[in-house]
Each structure stands twice: as structure tokens, then as C-alpha cells.
Amino acid sequence: MGATGSSPWRRRQGFGRSRGGLTTKIHLRVNGAGLPMRSDITPGQTSDYLGFDLVMDNNLPEPSVFLADRGYDSDNVRKTMESRDVVTVIPMRKSRKLRVAVDRRLYKLRNLVERCFNKLKNARRVATRYDKTAESFLGFIDIKSIRLWLRHLST
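This text gives an overview of the structure that appears in the document. (Residues numbered from 1 in each chain as written. Predicted model: local features only at pLDDT ≥ 70, side-chain atom pairs only at ≥ 80, totals over all residues. Heavy atoms only, no water.)

What helix H2 (residues 48-55) keeps buried is the set Asp48, Gly51, Phe52 and Val55. Each buried residue of H2 sits inside an arc of 110 degrees when the element is viewed along its axis, so together they form one side. Buried positions along H2 lie against strand S2 (21-30), strand S3 (36-43), strand S4 (65-67) and helix H3 (75-83). (Buried < 20%, exposed > 50% of the residue type's maximum accessible area, 1.4 Å probe, protein only. Helix = DSSP H or I, 4+ residues; strand = E, 2+ residues; numbered from the N terminus. Arc of directions from axis to C-beta. Contact = heavy atoms within 4.5 Å.)

In C-alpha cells, the structure reads:
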């Protein structure tokens, strides 16, 4: 295997090459209270489109609004959410030819997702990905998510 390739084991475990070396991208679905609903991981260089499919399965209640960063800006994502009668608020990529308006007031609520990431990454084990396998890394993300839910429910 060359220096630029990655082994099948690494891809299965969520490791991928990025500018910073071996990385893992966490995809997170958050509810209106900023609590994690679903999480998954992909190798660091993987497009966000794949993460959309992983966290937006149909077995959870439909959101009324889908807030995402510009990494999720694609016609396919927009059409999927439109077919589910979900308002899509995603800033456009700079390369987008067909311009799409964004409700900036609504987009400010996306900080709920970023704050959830911050709470998850307060656990050093999540922030630095010490775990060798994807299963154990996702398990610890789930444990941290449960702790966030318990803290929210106890208040």
C-alpha cells in the first residue's frame, strides 16, 4: 500500500487521511434542545454527503428544520429533505451555480450542533480518538451522549 492509499482496515475503522494526518469525521444529528439523536463516523477525507445518509435514517422522528453547514450542500440532500416536507437551511457552496437563499435568523440555531460537538469533545477520548476500533469509539460517543441526556433530564 502506497503512502497516499489507505488500507481497507483503516477505512472500516473510520480512519482516513486528511491534512492533519489520520483523522475521523463525526457526523451528528441533534434535536432542538441540542442533544444528540444519532451519531456515526467516516474516514476524515469522506464527503459529508455520506454522513447525511448515515444520520438521517427514517426510524427517528422527522425534524421540522434541517440545519447543516455548507459541506452538506447538494441537490440530492435538498431534494431528500424537501420530499420529507422538511425546511432545509444550508449555506451554498461557493461553486454552486444555482443560487439558493438561506434564512440567516434560522441558521443561527446551528450553533446547537457546534455546542453539542464541544460537549462531546470535552471527553479527551472523543477529542483525540484514542480508540483503535470504530466500534469502541462510537460506543464511547454513545456513552457521552447518554450522559448529556441524563444531565438534561435531571434539570
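To continue, consider the packing of aromatic side chains. Taken as a whole, this structure holds two aromatic pairs when the rule is applied. With centroids separated by 5.5 Å and ring planes inclined at 75 degrees, the aromatic side chains of Phe52 and Phe66 adopt a geometry described as edge-to-face. Of this pair, Phe52 sits in helix H2 while Phe66 sits in strand S4, and the two are 14 residues apart along the sequence. Assessed through its relative accessible area of 4%, Phe52 is described here as buried. With 6.5 Å between their ring centres and 90 degrees between their planes, Phe66 and Tyr72 make a pair best called edge-to-face. The residues Phe66 and Tyr72 share a single accessibility class, namely buried. Aromatic rings pair up to connect Phe52, Phe66 and Tyr72 into one cluster. (Phe/Tyr/Trp six-rings, centres within 6.5 Å; stacked < 30°, edge-to-face > 60°.)

Structural measurements only, silent on function.
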